[in-house]
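Structural features, examined
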Amino acid sequence: MNNMDGKIAFISGGARGLGAETARMMAACGARVIIGDLLDDAGHATAEGIINKGGGALYTHLDVTAEESWQAAVKAGVDKFGGLDVLVNNAGIFFMKSTEDMTLADWRRMCAVNLDGVFLGTKTALPHLKARAAKAPVGGSIINLSSIAGIIGIANFTAYHMSKGGVRIYTKACAIEFAPYRIRVNSIHPGLIETDMAKQVVTELSGAMGSDNAVRDMFVQSHPIGRIGEPKDIANGITFLASDDSAFMTGSELVVDGGWTAQ
Ligand SMILES: NC(=O)c1ccc[n+]([C@@H]2O[C@H](COP(=O)([O-])OP(=O)(O)OC[C@H]3O[C@@H](n4cnc5c(N)ncnc54)[C@H](O)[C@@H]3O)[C@@H](O)[C@H]2O)c1
């Protein structure tokens with residue numbers, strides 16, 4: 001297990017899915033975690049689950065598309081725990097649409113959550129990350145959730161690919177910009193992982209492929225390792241990038257995809 005003792009981490013979209021699993025894992029590794037999300041009931045439940053196991057956690061409402069919401073959420077976390085060492089820009093949305101069917105409003109909605117959300121989180125957390133990084137042995141860490149969709153293309157997922165490709169290269173540019181502040185910035189690139197978002201991907205494809213089972217079989221075959229991923233596969237990677245064990249990594253892409261993009 002990576003050591004997160006003494007670290008304070010903010011996780012956007014942490015009410016469920018990969019963000020919630022990451023919050024639980026980081027807390028188990030010694031971090032205090034702040035969970036921001038739109039889903040207040042699920043977010044409170046995730047934080048309470050961590051607290052009930054003896055961990056430090058706070059849930060705060062967050063809409064990643066709104067700058068004032070980020071400011072209030074980060075302030076709530078900093079007021080509670082005293083600063084920030086780690087930011088996980090995890091909140092994201094997915095939809096499937098061909099370019100011919102997609103409206104400009106659809107495109108902008110994808111940008112608002114998956115790109116504006118990452119920029120606003122980074123901008124809002126940065127002063128707090130800088131302040132703690134200056135005194136920490138290794139410094140601070142930002143982890144951005146990209147995807148294999150940030151590396152390869154799939155038909156009719158174009159807006160999602162655009163957003164995850166943007167996250168991938170924004171990560172590298174931030175890594176250069178923030179290196180003097182001792183803040184590392186890396187992206188993580190999951191294959192298909194069993195979450196609500198994965199269920200949505202399967203449902204949206206099943207119309208074209210006949211059934212959910214046909215889609216699931218196709219996805220199992222797409223991962224040479226022979227299965228769809230589990231949230232802990234990704235939480236392990238994010239926690240590694242957040243910990244001092246990845247001290248010499250910045251601007252890199254951690255691909256956790258069961259071999260999908262190796263083909
Ligand atoms: N599950 C996968 O297969 C997969 C693969 C590659 C990348 N990803 C990425 O990982 C991240 C997490 O995905 P997941 O599978 O856990 O999805 P999920 O849908 O289960 O969880 C996403 C979370 O983000 C929150 N969210 C959405 N819009 C928000 C907003 N405007 N403000 C605040 N929170 C918001 C949701 O409420 C939800 O709690 C996403 O960025 C996703 O694109 C997922």
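What counts and how
- Residues numbered from 1 in each chain as written.
- Predicted model: local features only at pLDDT ≥ 70, side-chain atom pairs only at ≥ 80, totals over all residues.
- Heavy atoms only, no water.
- Helix = DSSP H or I, 4+ residues; strand = E, 2+ residues; numbered from the N terminus.
- Buried < 20%, exposed > 50% of the residue type's maximum accessible area, 1.4 Å probe, protein only.
- Near = heavy atom within 4 Å.
- Polar contact = N/O pair within 3.5 Å; in protein donor to acceptor, adjacent residues only side chain to side chain.
- Areas by Shrake-Rupley, 256 points an atom, 1.4 Å probe, with all protein chains shown as cover.
- Core = buried A, V, L, I, M, F, W, Y, C linked by side-chain atoms within 4.5 Å.
- Contact = heavy atoms within 4.5 Å.
- Axes fitted to C-alpha atoms, helices over the stretch in contact; angles between N-to-C directions.
- Parallel < 35°, antiparallel > 145°, perpendicular 65-115°, else oblique.
- Left-handed = near helix turned anticlockwise from the far one by under 90°.
- Nonpolar A, V, L, I, M, F, W, Y, C, P; charged D, E, K, R; others polar.
- Pairing = 2+ DSSP bridges.
- Salt bridge = Lys/Arg side-chain N within 4 Å of Asp/Glu carboxyl O.
- Expected span 1.5 Å × (residues − 1).

Quick notes on unusual backbone geometry
What is expected of a backbone is that most residues other than glycine have negative phi and most peptide bonds are trans. Here Asn156, not a glycine, exhibits a phi torsion of approximately 70°, which is positive. Here Asn156 shows up in the loop between strand S5 (140-145) and helix H5 (158-178). Assessed through its relative accessible area of 32%, Asn156 is described here as partly exposed. The phi dihedral of Arg182 falls on the positive side, at around 65°, and the residue is not glycine. Its place among the elements puts Arg182 in the loop between H5 and strand S6 (183-190).

Remarks on the site of the ligand
Around the ligand there are 27 residues in total, and Asp37, Asn90, Tyr160, Ile193 and Thr195 lie nearest to it. With respect to the ligand, the side chain of Thr195 contributes an N or O atom lying 2.6 Å from an oxygen atom. Out of a free accessible area of 830 Å², the ligand has 95% covered by protein chains. Looking at the shell around the ligand, the elements with two or more residues in it are helix H1 (17-28), H5 and helix H6 (196-209).

Quick look at the nonpolar core
Formed by 27 residues in total, the largest nonpolar core has its most connected members in Met26, Val33, Val86, Val88, Ile143 and Ile238. Leave out the neighbours within four places in its chain, and Met26 touches Met4, Ala9, Ile11, Ala31, Val33, Val86, Val88, Ile238, Thr239 and Ala242. Membership of the second largest hydrophobic core comes to 26 residues, among which are Val64, Trp70, Leu84 and Val113.

With respect to the packing of H1 against helix H8 (residues 231-242)
Contact pair H1 / H8: the axes reach a minimum separation of 8 Å and the direction vectors enclose 55°. By the angle between their axes, H1 is oblique relative to H8. Crossing geometry of H1 relative to H8 is assigned as right-handed. Across from Leu18, Glu21, Thr22, Met25 and Met26 in H1, the residues of H8 making contact are Pro231, Lys232, Ile234, Ala235, Asn236, Ile238, Thr239 and Ala242. Along the lines of polarity and charge, the residues of the contact of H1 with H8 split into eight nonpolar, three polar and two charged.

Some words on the sheet that holds strand S2 (residues 32-37)
The sheet built from seven strands is open, its strands ordered S3-S2-S1-S4-S5-S6-S7 with parallel pairing. On the outer flanks of this sheet lie strand S3 (56-61) and strand S7 (253-256), each paired with one strand and no other. In this sheet, adjacent strand axes meet at a mean angle of 20° when their direction is disregarded. By the bridge criterion, three bridges tie strand S1 (residues 8-12) to strand S4 (residues 86-89) in an arrangement that is parallel. Note that in S4 the partner of Phe10 across the bridge is Leu87. Across the sheet, H1 lies against S1, S2, S4, S5 and S6, angled at about 170° from S1, the strand it touches most.

Topic: the pattern of salt bridges
The final tally for this structure, using the stated rule, is twelve salt bridges. With a shortest N-O distance of 3.7 Å, Asp196 and Arg16 are connected by a salt bridge. Within this pair, whereas Asp196 is found in helix H6, its partner Arg16 is found in the loop between S1 and H1, the two being separated by 180 residues in sequence. Across the pair Lys97 and Asp106 runs a salt bridge, and its minimum N-O distance is 2.9 Å. Among the residues examined, Lys97 registers a relative accessible area of 31% and is labelled partly exposed. Classification of Asp106 by relative accessible area gives buried; the value is 10%.

Here we look at H5
Given 3.6 residues to a turn, an α-helix orients residues that are three or four positions apart in the same direction. The terminal C-alpha atoms of H5 lie 30 Å apart, and with 21 residues this matches the ideal 30 Å at 1.5 Å per residue to within 8%. Considered for burial, the residues of H5 that qualify are Ala159, Tyr160, His161, Ser163, Lys164, Val167, Thr171, Cys174, Ala175 and Phe178. Elements in contact with the buried residues of H5: helix H4 (104-133), S5, S6 and H6.

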